[in-house]
2 protein chains.
Amino acid sequence: MPAAPRPLTPSERIDWLRLIRSENVGPVTFYQLLSRFGTAQAALEALPEIARRGGRQRPLTIASKAAAERELGQLAAAGAQLVAWGEPLYPSALAAIEDAPPLVSVLGQTQLMARAAVAIVGARNASANGRRFARDMALQLGGRGLIVVSGLARGIDAAAHEGALPTGTIAVLAGGIDTTYPEENRELQAAIAERGVLIAEMPIGTTPQARHFPRRNRIISGLALGVVVVEAAVGSGSLITARFALDQGREVFAVPGSPLDPRCRGTNDLIRKGARLVESAEDVMEELAPLLETPLAERRRDLFAGESRPAIPGEAELDRARARVLELLSPSPLPVDELVRECQMSPAIVLTVLLELELAGRIERQPGNKVALLPAGSISI
Amino acid sequence: MPAAPRPLTPSERIDWLRLIRSENVGPVTFYQLLSRFGTAQAALEALPEIARRGGRQRPLTIASKAAAERELGQLAAAGAQLVAWGEPLYPSALAAIEDAPPLVSVLGQTQLMARAAVAIVGARNASANGRRFARDMALQLGGRGLIVVSGLARGIDAAAHEGALPTGTIAVLAGGIDTTYPEENRELQAAIAERGVLIAEMPIGTTPQARHFPRRNRIISGLALGVVVVEAAVGSGSLITARFALDQGREVFAVPGSPLDPRCRGTNDLIRKGARLVESAEDVMEELAPLLETPLAERRRDLFAGESRPAIPGEAELDRARARVLELLSPSPLPVDELVRECQMSPAIVLTVLLELELAGRIERQPGNKVALLPAGSISI
């Protein structure tokens, strides 16, 4: 039985924030550390030693208590708050994904996050028809009680937020909660902060960079029961969001369009690959209605149980495992399951080694539970 | 083993023509009669008695030898010829459908009918983009060696014929081979008669009427390995062609379009129901290429074997069967298979009764091997 959601204590909140802001700690590693050490505080204490065992030579940068307190202060000043995985306010659909952000900054009508959501995303250079379609669909899905999630990009994203502003919309920001991006959506962003919700994974004050956008996209799909893609070129960010949705077990809907319009190639291709063709809010509701009855919250993992901590493997065994894992890994991402099989060692041992290597900055976690060796040049040991 | 294709003798041709032009004789009945009586001549002699047994009171109108000779003369004068099912020139894909026309009038470069074909059909009120798309696709599929079949309607059909004119196109007419319809495609029709092929099932001189169009559509799909639908409103004739294609075991391709354009609703709906979404000639070829290696000609039935004639059931048994079949039939179409099951009698007996009832004008055959009782008012006994 998973523990019931509960708010973190003030000191737990500081420890969680320090842990996720520490060098080489991503969400998957965060949850593994928490599960292995029981508390973020214990994990913070263990970090330097784990990194050293992974081959790290210079010390790992651990976020200080002062830095964490400063971030909380800045959030409060901006009218925002930090919500942790497992807290009552944390959106249950997002909590169900493997690499859910342990902490998110939120601003606005945060009670909206308790409702079921659908994402509407698409091309920045959308056609007038595409924008109108997105706006109407958002309006209608909002009318059916769904919260509309999007990424506040220009084009389809902005139109979807506009359509759902009266009923409830969530914008996921690639940068910090206080950054305005893109500039042309400044007014819309202010309106969402007032009437909807802004969510950000990056620390307050972070200017959005290219690498933040795919991470942002996994949160858009993670918040939603399904993702509707309206106009998307081949290779566009919206298709990345659709890919995340698929990996997360969420529905993927695509709006068809003329083959003569390159902005429809991506959506048509999604349909060819099995996404559901939708022409209206009714089409979307037809699929989502049954899902509204079985909340994703049921799938909560249990972080606070403590007793699930695996036994720590012996030193000699770990030495052999480290050599074997490094031998098998390469810069092309390998599924962790496959790695475990190839190693012919217990999952607990392999996961321990991966934790060490990640903290040492020698491997990188990738979506779909994959790991890749970082190229030699980027290793900072 | 089916008999090898062979030309009909001149007197067989007259008999076939008389049989198919006789009252209440459709293609399915034609083949049943031929199979039961061995020759069209024997079937013609048996017709009045069979109709009488089916409850017909006034005599059945049987096409005269003179009328058949007149039709052949008119065809020759128009430069057209009559091709019979099983003759070498008869298109093998068309021959494979259950209700293939026993005779078709053809005009033009008839050697083109030996090649593999694809149909391109769609809306009459097509958009400029839709017409351009159809023309380009026809041009490209023609370039891959495929003959392009369509219905010579304005809009998509005309564009498809135009695109394939240099490589080979077949227009299936709803009326007789000498009728020009629609008037605005007069020049195109003349060009196809010259460089492509015109095909008609109706007798020369027949003005096309509404009820001829669905019959025409089954020939369009029947001639082709697959049907590409470009722009089609819900409930349009192109969807009927797609339906026939499905029943005939042919591929159905649909070109997606904006949900905001009612001309795309039909194609989008086809995709939702399982038609393959295509954006280019390459997409179509990907599906058709494997089919080009296994010709439909393999599926030939054998009409000339004679020895396959079923035993004629006894009179008492037939009396019981007639009563039972009439009891089970209604104006809503019933699959013949189901009727046979419900009757709990041998298929040979049930088929004999259906043959009698059809010739008597009391039932109507419908696509998908179904039969329906004709409403009392329309019975001409």
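Located above this text is the structure these notes cover.
Overview of the structure.

Parameters and conventions
For every chain, the first residue of the written sequence is number 1, and numbering continues from 1 along that sequence. All chains are assigned letters beginning at A, and all ligands numbers beginning at 1, according to the order in which they are written. Two thresholds apply to this predicted model, a pLDDT of at least 70 for residue-level local features and 80 or more for giving and counting side-chain atom pairs, whereas whole-chain, interface and lining totals are computed over all residues. Hydrogen atoms and water are omitted, and side-chain values are computed over all heavy atoms in the structure. For two strands to pair, DSSP has to find at least two bridges joining them. We count a stretch as a helix when DSSP gives it H or I for four or more residues in a row; a strand needs E for two or more, and each element gets its number in order from the N terminus. The copies were overlaid by least squares, fitting only the C-alpha atoms of residues that reach a pLDDT of 70 or more in each copy. Residue contacts are counted whenever heavy atoms from the two residues lie within 4.5 Å of one another. For a helix, the expected span equals 1.5 Å multiplied by the residue count minus one. Whether a residue is buried, partly exposed or exposed follows from its accessible area with a 1.4 Å probe, protein chains only, as a fraction of its type maximum: under 20%, in between, or over 50%, in that order. By arc we mean the arc of the directions from the helix axis to the C-beta atoms, nothing more. Every angle, taken between N-to-C directions, lies between 0 and 180 degrees, and every axis is a line fitted to C-alpha atoms, over only the stretch in contact when it is a helix. When describing relative orientation, an angle under 35 degrees is termed roughly parallel and one over 145 degrees roughly antiparallel, while 65 to 115 degrees is termed roughly perpendicular and anything else oblique. Crossings are assigned a handedness: left-handed for a near helix turned anticlockwise from the far helix by less than a right angle, right-handed for a clockwise turn. Here the nonpolar group is Ala, Val, Leu, Ile, Met, Phe, Trp, Tyr, Cys and Pro; Asp, Glu, Lys and Arg are the charged ones; every other residue, Gly included, is treated as polar. Counted as salt bridges are all cases of a side-chain nitrogen of Lys or Arg within 4 Å of a carboxyl oxygen of Asp or Glu. Each polar contact in these results corresponds to two N or O atoms within 3.5 Å; when the atoms are within protein, one needs to be able to donate a hydrogen and the other to accept it, and residues that are neighboring in sequence are counted only if both atoms are side-chain atoms. The handedness of a crossover follows from its direction of travel: if, with the strands pointing away from the viewer, the path from the first strand over the helix to the second runs clockwise, the crossover is right-handed.

Quick look at the pairing of strand β12 (residues 370-373) of chain A now. Taken together, the 2 bridges between strand β10 (residues 334-335) of chain A and β12(A) define a ladder with antiparallel strand orientation. For A:Pro335, the partnering residue across the bridge sits in β12(A) and is A:Lys370.

Superposition record for chain A on chain B: RMSD 0.1 Å, screw rotation 180°, translation along axis 0.0 Å. Taken together, the rotation angle and the small translation identify this as a two-fold axis. By C-alpha distance to the rotation axis, the residue of chain A lying nearest is A:Gly257, at 2.0 Å. Same-surface contact between copies: 100% of interface residues of chain A are shared with the interface of chain B.

Let's shift gears to helix α13 (residues 315-328) of chain B. Residues and elements named next belong to chain B. Over its 14 residues, α13 extends 20 Å from the first C-alpha to the last, a length consistent with the 20 Å expected when each residue adds 1.5 Å. Those residues of α13 not exposed but buried are Leu 318, Ala 321, Arg 322 and Val 325. Take α13 and look down its axis: the buried residues cluster within an arc of 105°, on one side only. Counted as exposed and oriented over 90 degrees from the buried face of α13: Ala 316, Arg 320 and Glu 327. The elements touched by buried residues of α13 are α3 (40-53), α14 (336-343) and α15 (347-359).

Strand pairing within a sheet occurs via backbone hydrogen bonds; the two strands may be parallel or antiparallel. All names here are of chain A. In space, the 9 strands of this open sheet follow the order β1-β2-β6-β5-β4-β3-β7-β8-β9, with mixed pairing throughout. For this open sheet the edge positions go to β1 (81-84) and β9 (276-277), each flanked by a neighbour on one side alone. Bridging between β1 and strand β2 (residues 103-108) involves 4 bridges; their strand directions are antiparallel. The partner of Gln 81 across the bridge, within β2, is Val 106.

A separate point is the sheet that holds strand β12 (residues 370-373) of chain B. Residues and elements named next belong to chain B. The antiparallel open sheet is built from 3 strands, whose spatial order is β10-β12-β11. Of all strands in the sheet, those bounded by a partner on one side alone are β10 (334-335) and β11 (363-366). In the sheet, β11 pairs with β12 via 4 bridges, with the strands oriented antiparallel. Its bridge partner being in β12, Ile 363 is matched across the sheet by Leu 373. Its contacts with the sheet put α15 on β11 and β12, and the angle it makes with β11 is roughly 110°.

This brings us to the packing of helix α9 (residues 212-223) of chain B against helix α10 (residues 237-247) of chain B. Residues and elements named next belong to chain B. Put simply, α9 and α10 touch, their axes get as near as 8 Å, and they point 50° apart. The orientation of α9 with respect to α10, classified from their angle, is oblique. The hand of the α9/α10 crossing is right-handed. Side by side, α9 and α10 meet where Pro 214, Asn 217, Arg 218, Ile 220 and Ser 221 of the first sit next to Gly 237, Ile 240, Thr 241, Phe 244 and Ala 245 of the second. By residue class, the composition of the contact of α9 with α10 is 5 nonpolar, 4 polar and 1 charged.

Here we come to the interface of chain A and chain B. Taken together, the contact pairs 19 residues of chain A with 19 residues of chain B. Our count for the chain A to chain B interface comes out at 4 salt bridges. The partner of B:Arg272 in a salt bridge is A:Asp283, and the shortest N-O contact between them spans 2.7 Å. Taken together, the links from chain A to chain B amount to 8 residue pairs in polar contact (both at pLDDT 80 or more). Mapped onto the side of chain A that touches chain B, the elements with two or more residues apiece are α6 (128-143), α11 (265-272) and β9 of chain A. Examining the composition of the side of chain A that touches chain B, we find that 4 residues originate from one element, α11(A), more than from any other.

Here the focus is the pairing of strand β3 (residues 117-122) of chain B. All names here are of chain B. With 6 of its 6 residues buried, β3 lies for the most part within the structure. Side chains Ala 117, Ala 119 and Val 121 of β3 all project onto a buried face; the interleaved residues Val 118, Ile 120 and Gly 122 project onto the opposite face, where all are buried too. Bridge analysis of β3 against strand β4 (residues 147-150) gives 3 bridges, and the strand direction is parallel. Following the sheet pairing, Ala 119 is matched in β4 by Val 149. Considered for its hand, the β-α-β crossover made up of β3, helix α6 (residues 128-143) and β4 is right-handed. Relative to strand β7 (residues 226-230), β3 runs parallel, the two being bridged by 4 bridges. In the strand pairing of β7, Val 121 is matched with Val 229.

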